[in-house]
Amino acid sequence: MIIKENYEKIEERIQKACQRSGRKREEVILLAASKTQPVEKILQAYQCGIRYFGENRVQEGIEKIGVLKEYKDIHWHLIGGLQTNKVKYAVKYFEMIHSVDREDLVDELEKRASKINKVQEGLIEVNFGEESKFGVKEEDLKKLFEYILTKKHIKILGLMAIPPYFENLEDVRPFFRKLRQLKEELEKEFNLQLPHLSMGMSHDFEVAIEEGSTIVRIGTALFGERK
Ligand SMILES: *Cc1c(COP(=O)(O)O)cnc(C)c1O
């Protein structure tokens, strides 16, 4: 079973990265990025012990959540960009949304979450260049954060980013460090704690852990290449 072998390798690498950086293994959530993967593969990952799954598209996610509804201990996260017209469904089905990045989206999240009496957990996605068309620009982050603080039905727990791809892993480190600094600046300025940094993917998760990641989003290294 290839997923199990992949999982064991990833798990070992996570543990080593934690050791290198003096962190506890429990501080880092392994989230399986399961976009395009069929439910059979998600179940194989579940059998390995993975309980966090991240989907990119609301519709695709909802279908899988429906099929797997008896697995009540799965935490479903939305990690892809969110269109305003999908918010109604996203709020109903996802525990956390990693891609909060603009005021009109915040308004819609507030409206839809309040309708179902939910406080929606989210992360603000920061845009670090071309790699993602989503995310708020660094210079607009504080304003967006302040705006969300006025909303009763959205709880921001940290930041997320997809840095550019580099062959040399040391080149990505400054981006992870930057995201952590941005989080710390918000914590200081607004006198609160933001527990999460969602950063690190298949090719760079160890560096992300060394720089403070609490959620690594891993697809290819776990499931193999996407079709
Ligand atoms: C697909 C995806 C991942 C996982 O990417 P891999 O390189 O396959 O590990 C992580 N985060 C987001 C937002 C994604 O869309």
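The rules behind each value
- Residues numbered from 1 in each chain as written.
- Predicted model: local features only at pLDDT ≥ 70, side-chain atom pairs only at ≥ 80, totals over all residues.
- Heavy atoms only, no water.
- Near = heavy atom within 4 Å.
- Polar contact = N/O pair within 3.5 Å; in protein donor to acceptor, adjacent residues only side chain to side chain.
- Areas by Shrake-Rupley, 256 points an atom, 1.4 Å probe, with all protein chains shown as cover.
- Nonpolar A, V, L, I, M, F, W, Y, C, P; charged D, E, K, R; others polar.
- Axes fitted to C-alpha atoms, helices over the stretch in contact; angles between N-to-C directions.
- Helix = DSSP H or I, 4+ residues; strand = E, 2+ residues; numbered from the N terminus.
- Parallel < 35°, antiparallel > 145°, perpendicular 65-115°, else oblique.
- Left-handed = near helix turned anticlockwise from the far one by under 90°.
- Contact = heavy atoms within 4.5 Å.

Below, the discussion takes up the site of the ligand. Contacts to the ligand come from 13 residues, most closely from Lys 35, Asn 56, Ser 202, Gly 219 and Thr 220. At 2.6 Å from an oxygen atom of the ligand is found a side-chain nitrogen or oxygen belonging to Asn 56. In this structure, an oxygen atom belonging to the ligand sits 2.5 Å away from a side-chain N or O atom of Ser 202. For the ligand, whose unbound accessible area comes to 390 Å², protein coverage reaches 91%. Residues that form the shell around the ligand fall into these classes: six nonpolar, four polar and three charged.

The relative placement of two packed helices comes down to the angle between their axes together with the axis-to-axis distance. Relative orientation of the contacting elements helix H6 (residues 141-149) and helix H7 (residues 173-190) amounts to 50°, with a least axis distance of 11 Å. Between H6 and H7, the crossing angle belongs to the class labelled oblique. Classified by chirality, the crossing of H7 by H6 is right-handed. In contact with Leu 141, Lys 142, Phe 145, Glu 146 and Leu 149 of H6, H7 contributes Leu 182, Leu 186, Glu 189 and Phe 190. Here the residues of the contact of H6 with H7 sort into six nonpolar, no polar and three charged.

Further remarks concern the packing of helix H5 (residues 103-115) against H6. The geometry of H5 relative to H6 is characterised by a closest axis approach of 10 Å and an angle of 15° between their N-to-C directions. Relative to H6, the element H5 is oriented roughly parallel. The element H5 and its partner H6 pack so that their crossing is right-handed. On the side of H5, the interface is formed by Glu 103, Val 106 and Asp 107, while H6 contributes Lys 143, Leu 144, Tyr 147 and Ile 148. Its residues assigned to classes, the contact of H5 with H6 comprises four nonpolar, no polar and three charged.

Distances and angles like these do not, on their own, reveal function.
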